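Coordinate analysis (summary)
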Amino acid sequence: MDLNLKNIKEYLTKTVLPNLIFSEYTISDISEVTDQTYVNWIYKVKLKKGDDVQIIYLRQTRDHVKKKPDIKMDATRIKFEVNILNLLQEIIPKVTPKVLFFDKNNNVAILDDIKKGGKLLVHELLAGRPHPETGKFFGKTIAKVHGQTLGIPYEKVHGSKQENDKAVKFHLGMRLEPALEMFPAETKEFLKISETAVTSLVLGDLASKNIFVDIKKVRFLDLERAFVGDPAFDLAFLFCH
C-alpha cells in the first residue's frame, strides 16, 4: 500500500493507532513532509485527546527513489533502518527517533517526534547560524556511538560482511566519485589508511539535512545508510557538507 493524503487516515485508524498507546486519540491533522525528503515518503500526524497533543511520523520506503522514480531500490530497506534505530536507542536515547510501531507488510515505520520544535541545521547554516553551542553535545554523542560500537559484529548491522561490503562500496562509490576523478592517488591512499582503522557503527548520512538543533543539543534522523566501517567517515562526511 503506497500511502498518500487520501488513504492515510484510514490506514492510521485501522493499522497504526490500535498498535499504539495513542489508540484513544483522534487524528486532528495530517501533512506530507516535503522539505529535504528526496528518497522516502514521510507524513506528519497530529493526534489529540482533550488538551493533550501528540505528534508522530510515518516513514515509508518504496521500490524507487521519491524524486527520481527511475532509480530502483529495495522497498523493504526500512526494516534495516528500524534495526539501527532500535540499536541506537540503547546507546543514545532521545537523540534519534524512537520506533513506536513497524508495519513490515507496508514498509512503514511509525516514529516519535524527534524534532520537538528543533530547527533543521541545513537551513540554519544557510542563514548564517552555525550553532557552535551544540558542539560539545554533538562531539560527546558521536563519540558515544563510535566508542560503544567499536568492533561491532557485522551481524548486528548488515547481517554479514558480504552485505556490509556492498553498503561500503555503495557509499564510497557515490560519495568519493568526484575525489577519485580529481585526486585519484591521494584518495586511494586515504582509502588504504581507512581500511586499517578499528571499525565501529558508522551513521553513514550525517549531513546537515538530517540534523536538528535545539538550544545546546542536536538530534539525528535518516539512518538507512549506516554500516560497519571507519568511524572517521561520519565526521569527514559532515564536514564535506
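Structure: above.
All values derive from a computational prediction rather than experimental measurement. (Residues numbered from 1 in each chain as written. Predicted model: local features only at pLDDT ≥ 70, side-chain atom pairs only at ≥ 80, totals over all residues. Heavy atoms only, no water.)

Moving on to the sheet that holds strand E9 (residues 217–220). Strands sit in the order E6-E8-E9 across an open sheet of three strands; the sheet is antiparallel. Each of the sheet's edge strands pairs with one partner strand only, and the pair in question is strand E6 (119–120) and E9. Direction of pairing for strand E8 (residues 211–214) relative to E9: antiparallel, over a ladder of four bridges. Residue pairing in the sheet places Ile 211 in a bridge with Phe 220 of E9. (Pairing = 2+ DSSP bridges. Helix = DSSP H or I, 4+ residues; strand = E, 2+ residues; numbered from the N terminus.)

Let's shift gears to the packing of aromatic side chains. Applying the stated criterion to the full structure yields four aromatic pairs. Taking 5.8 Å as the distance between ring centres and 15 degrees as the angle between the ring planes, the aromatic pair formed by Phe 233 and Phe 237 counts as stacked. Separated by four residues within a single helix, Phe 233 and Phe 237 lie in helix H8 (residues 232–240), roughly one turn from each other. Here the two residues Phe 233 and Phe 237 agree in accessibility, since each one is buried. (Phe/Tyr/Trp six-rings, centres within 6.5 Å; stacked < 30°, edge-to-face > 60°. Buried < 20%, exposed > 50% of the residue type's maximum accessible area, 1.4 Å probe, protein only.)

The next subject is a positive patch on the surface. Side chains of Lys 44, Lys 46, Lys 48 and Lys 115 sit close together on the surface and give a patch of like positive charge. As for its placement among the helices and strands, Lys 115 is situated in the loop between strand E5 (108–112) and E6. (Patch = residues over 30% accessible without salt bridge, like charges linked within 9 Å, V, L, I, M, F, W, Y side chains within 5 Å. Areas by Shrake-Rupley, 256 points an atom, 1.4 Å probe, with all protein chains shown as cover. Salt bridge = Lys/Arg side-chain N within 4 Å of Asp/Glu carboxyl O. Lys, Arg positive; Asp, Glu negative; His and termini not counted. Charge placed at Lys NZ, Arg CZ, Asp CG, Glu CD.)

So, on to the pairing of strand E4 (residues 99–103). As defined by bridge partners, E4 adjoins E5 across four bridges and the pair is classed as antiparallel. Its bridge partner being in E5, Phe 101 is matched across the sheet by Ile 110. Here E4 hands over to E5 after four residues, with Asn 107 in that stretch at a positive phi of 55 degrees.

This part takes up the nonpolar core. If you look at the biggest cluster of nonpolar residues, it comprises 30 residues, and the most contacted ones within it are Ile 84, Leu 88, Phe 138, Leu 201, Leu 203, Ile 211 and Phe 220. For this core, the leading source of residues is helix H2 (residues 78–91), giving eight residues. With residues near it in sequence (within four places) discarded, Ile 84 still touches Val 157, Leu 201, Leu 223 and Ala 226. Tyr 11, Val 16, Phe 101 and Val 108 belong to the second largest nonpolar core, which has 19 residues in total. (Core = buried A, V, L, I, M, F, W, Y, C linked by side-chain atoms within 4.5 Å. Contact = heavy atoms within 4.5 Å.)

Reading across from one edge, E1-E2-E3-E5-E4 is the order of the five strands in this open sheet, with antiparallel pairing throughout. The sheet terminates laterally at strand E1 (26–33) and E4, the two strands that pair on one side only. Taken pair by pair, the neighbouring strands of this sheet meet at an average axis angle of 20 degrees, ignoring direction. Sitting on the sheet, helix H1 (residues 8–16) touches E1, strand E2 (41–49), strand E3 (52–60), E4 and E5, and the angle it makes with E1 is about 120 degrees. Lying over the sheet, H2 contacts E3, E4 and E5, oriented at roughly 155 degrees with respect to E4. (Axes fitted to C-alpha atoms, helices over the stretch in contact; angles between N-to-C directions.)

We now examine the pattern of salt bridges. Taken as a whole and judged by the stated rule, the model has 14 salt bridges. Arg 59 is paired through a salt bridge with Asp 222; the nearest N and O atoms lie 2.8 Å apart. Separated by 163 residues along the polypeptide, Arg 59 in strand E3 and Asp 222 in the loop between E9 and strand E10 (227–229) bring together distant segments of the chain. Grouping residues by exposure puts Arg 59 and Asp 222 together as buried.

The next subject is helix H5 (residues 161–175). In a regular helix each residue adds 1.5 Å, so 15 residues correspond to 21 Å; H5 covers 21 Å between its end C-alpha atoms and thus fits that length. Within H5 the residues assigned to the buried category are Asn 164, Ala 167 and His 171. Projection of H5 onto a plane perpendicular to its axis shows the buried side chains occupying an angular sector of 60 degrees, all on one side. Facing away from the buried surface of H5 by more than 90 degrees, the exposed residues are Gln 162 and Lys 169. As for H5, its buried residues are in contact with E10 and H8. (Expected span 1.5 Å × (residues − 1). Arc of directions from axis to C-beta.)

Right, let's get into unusual backbone geometry. The backbone of His 131 shows a phi angle near 55 degrees, a positive value even though the residue is not glycine. Take His 131: it is sitting in the loop between helix H3 (121–126) and helix H4 (135–148).

Within the fold, Thr 61 resides in the loop between E3 and H2. From its side chain, Thr 61 meets the backbone oxygen of Ala 75 in a polar contact 2.6 Å long. Non-local contacts of Thr 61, meaning those with residues more than four positions away in its chain, are made with Asn 40, Ala 75, Arg 77, Ile 78, Asn 107 and Glu 224. (Polar contact = N/O pair within 3.5 Å; in protein donor to acceptor, adjacent residues only side chain to side chain.)

These figures come from the coordinates and say nothing about function on their own.
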